[in-house]
Amino acid sequence: MSGESDCTRTSPSAGSPSDSELLPERPKYVCTLSPDLVTKAREELQEKPEWRLRDVQALRDMVCKDYPSLGTCLDDAFLLRFLRARKFDYDRALQLLVNYHTCRRTWPEVFSNLKPSAIKPVLESGFVTVLPHRDPQGRHVVCIRPDRWTPSNYPITENIRAIYLTLEKLIQSEETQVNGIVILADYKGVSLSKASHFGPFVAKKVIGILQDGFPIRIKAVNIINEPRIFKGIFAIIKPFLKEKIANRFFLHGCDLNSLHQNIPPVILPEEYGGTAGKLDISAWNELLLASEEDFLHDFSELVLPCDSSPHDLLVSGDVDEKQCDDSLRGMKPQLYYCY
């Protein structure tokens, strides 16, 4: 399919059946959820199978009416991600979709040439991976290890690109759309110099994407081996986190027993006191790299129309830029104090 959204396609006039034949058919949605997940989606996300396609069409109509130049994919499966992420609230799902595109269009350092092969060095470093087994709630565990990053090799934006592509791959699964994900971040060995790369601009952008600009449900963020410096970072960032997200952060320090209360040892690698063998990053890397063509196809539909500007789309609820910059300006002195 091309980058042209359905909003810009007009119905063929009478007497021109050949035009109709040229219009590509939208892929027909086929639900892949198990009966248990259908029930869970109904109870937690307000998703009713009998109304699902009606809800998708309602969101599609809103996009075409309010944002005809958004340049988005309008397939059923794609729009469902946003409805599920906002519990089938049409207005909130629409805002999330707009935010998704706004984030992509206003941070070219992250989103230009975004494909797995472009972030291969990050994958090979082991900075981000996904554990092979889901937790008891059916959630994938995304493992992030900042100590694997050497700032002299590439900028911090490459790490963000790798995390974003990982989330894009995970959210393709309807199971993940319903169950959400869990993050495990190991801050062992993170120094002051490395932490300083996470400045006001990067912090504001990342928080905006994770909270309001991506259709994924982050159910828990487990921090382990965090140095004292991290508490300073988190104290500064926390005011910009929504209460729901802030309450899902768990700081375990070096206490593996505390971590195991949130993530069972049976799915954790030996490095975190688990019984699932050594941490192996190769399987996830291979899966992501093998998805190159899929990403090229999917992202080709997310094109900024020639008559639109990135600033035409505003992110609702975004942190006031001056407030964010002023509050984070004191980050470095506080980091030195914590360090």
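What you are looking at is a predicted structure, and each value in this text was computed from that prediction instead of being measured.

Colleague: Please clarify how the overall build of the chain should be interpreted in this entry.
Modeller: Helix and strand counts for the chain stand at 18 helices and 5 strands. Each of the 339 residues in the chain was classed as buried or not, and the buried ones make up 50%. Counting contacts in the chain only where the partners sit at least 6 residues apart, residues at least 24 apart contribute 78% of the total.

Colleague: Just checking my understanding: could you explain the pattern of salt bridges for this structure?
Modeller: Two side chains that carry opposite charge are able to pair once their charged atoms sit near each other. Taken as a whole and assessed by the stated rule, the structure comprises 14 salt bridges. Between Glu168 and Arg104 there is a salt bridge, with its nearest N and O atoms 3.9 Å apart. A residue pair is termed long-range when its members are at least 10 positions apart, and Glu168 in helix 8 (residues 156-171) and Arg104 in helix 5 (residues 90-105) qualify at 64 residues. For Arg104, a relative accessible area of 11% gives the class buried. With a closest N to O distance of 3.6 Å, Glu270 and Lys278 form a salt bridge. Residue Glu270 is classed as partly exposed on the basis of its relative accessible area, which comes to 43%. Look at Lys278 and you get exposed, because its relative accessible area is 62%. Residues joined by salt bridges that share partners form a network here, namely Glu47, Arg52, Arg84 and Glu174.

Colleague: Sorry, what's going on with the packing of aromatic side chains here?
Modeller: Each aromatic ring pair is described using two quantities: the centre-to-centre distance and the angle formed by the ring planes. Inspection of the entire model under this criterion finds 7 aromatic pairs. On the basis of an interplanar angle of 85° and a centroid distance of 4.7 Å, the ring pair of Phe111 and Tyr164 is categorised as edge-to-face. Taken as a pair, Phe111 in helix 6 (residues 108-111) and Tyr164 in helix 8 lie far apart in primary sequence, 53 residues in all. Since its relative accessible area comes to 9%, Phe111 is described here as buried. Relative to Phe214, the ring of Tyr164 lies with its centre 5.1 Å away and its plane at 75°, an arrangement referred to as edge-to-face. Of this pair, Tyr164 sits in helix 8 while Phe214 sits in the loop between helix 11 (200-212) and strand 4 (218-224), and the two are 50 residues apart along the sequence.

Colleague: Would you mind going over the pairing of strand 2 (residues 140-144) with me for this structure?
Modeller: Within a regular beta strand, the side chains point alternately toward one face of the sheet and then the other, so they alternate between its two faces. With 5 of 5 residues buried, strand 2 is to be regarded as a mostly interior element. Burial of strand 2 is two-sided: the residues His140, Val142 and Ile144 facing one way and the residues Val141 and Cys143 facing the other way are all buried. With 3 bridges connecting them, strand 1 (residues 128-130) and strand 2 associate as antiparallel partners. Paired with Val128 across the bridge in strand 2 is Ile144. Bridging between strand 2 and strand 3 (residues 181-186) involves 5 bridges; their strand directions are parallel. Residue pairing across strands places His140 opposite Ile181, the latter belonging to strand 3.

Colleague: Is there a simple way to explain the packing of helix 8 against helix 11 in this structure?
Modeller: How two helices sit against one another is set out by the angle between their axes and by the gap between those axes. Relative to each other, helix 8 and helix 11 sit at 5°, their axes nearing to 12 Å. One element, helix 8, and the other, helix 11, form an angle in the roughly parallel class. Each of Ile156, Ile160, Tyr164 and Leu167 in helix 8 lies in contact with helix 11, whose residues at this interface are Val202, Val206, Ile209 and Leu210. Among the residues making up the contact of helix 8 with helix 11, the classes are represented as 8 nonpolar, no polar and no charged.

Colleague: Would you take a moment to explain the nonpolar core for this structure?
Modeller: Soluble globular proteins: nonpolar side chains tend toward being buried together. Judged by nonpolar contacts, the single largest core of 72 residues is most densely connected at Ile181 and Phe214. Broken down by element, this core gets its largest block of residues, 8 residues, from helix 8. Residues from two domains meet in this core; each of domain 1 (35-106) and domain 2 (113-293) gives at least three. Core analysis: the next-biggest nonpolar cluster, separate from the first, contains 13 residues, Cys143, Val182, Tyr272 and Leu279 among them.

Colleague: Can you help me understand the side chain of Asp186 in this one?
Modeller: Structurally, Asp186 can be placed in strand 3. For Asp186, which is buried and forms no salt bridge, the nearest opposite charge comes from Arg145, at a distance of 6.2 Å. A polar side-chain atom of Asp186 sits 3.0 Å from a polar atom in the side chain of Asn225. Other than its neighbours up to four places away in sequence, Asp186 contacts Ile144, Arg145, Pro146, Asp147, Ile224, Asn225 and Tyr272.

The rules behind each value
- Residues numbered from 1 in each chain as written.
- Predicted model: local features only at pLDDT ≥ 70, side-chain atom pairs only at ≥ 80, totals over all residues.
- Heavy atoms only, no water.
- Helix = DSSP H or I, 4+ residues; strand = E, 2+ residues; numbered from the N terminus.
- Buried < 20%, exposed > 50% of the residue type's maximum accessible area, 1.4 Å probe, protein only.
- Contact = heavy atoms within 4.5 Å.
- Salt bridge = Lys/Arg side-chain N within 4 Å of Asp/Glu carboxyl O.
- Phe/Tyr/Trp six-rings, centres within 6.5 Å; stacked < 30°, edge-to-face > 60°.
- Pairing = 2+ DSSP bridges.
- Axes fitted to C-alpha atoms, helices over the stretch in contact; angles between N-to-C directions.
- Parallel < 35°, antiparallel > 145°, perpendicular 65-115°, else oblique.
- Nonpolar A, V, L, I, M, F, W, Y, C, P; charged D, E, K, R; others polar.
- Core = buried A, V, L, I, M, F, W, Y, C linked by side-chain atoms within 4.5 Å.
- Domains from an automatic or database assignment.
- Lys, Arg positive; Asp, Glu negative; His and termini not counted.
- Polar contact = N/O pair within 3.5 Å; in protein donor to acceptor, adjacent residues only side chain to side chain.

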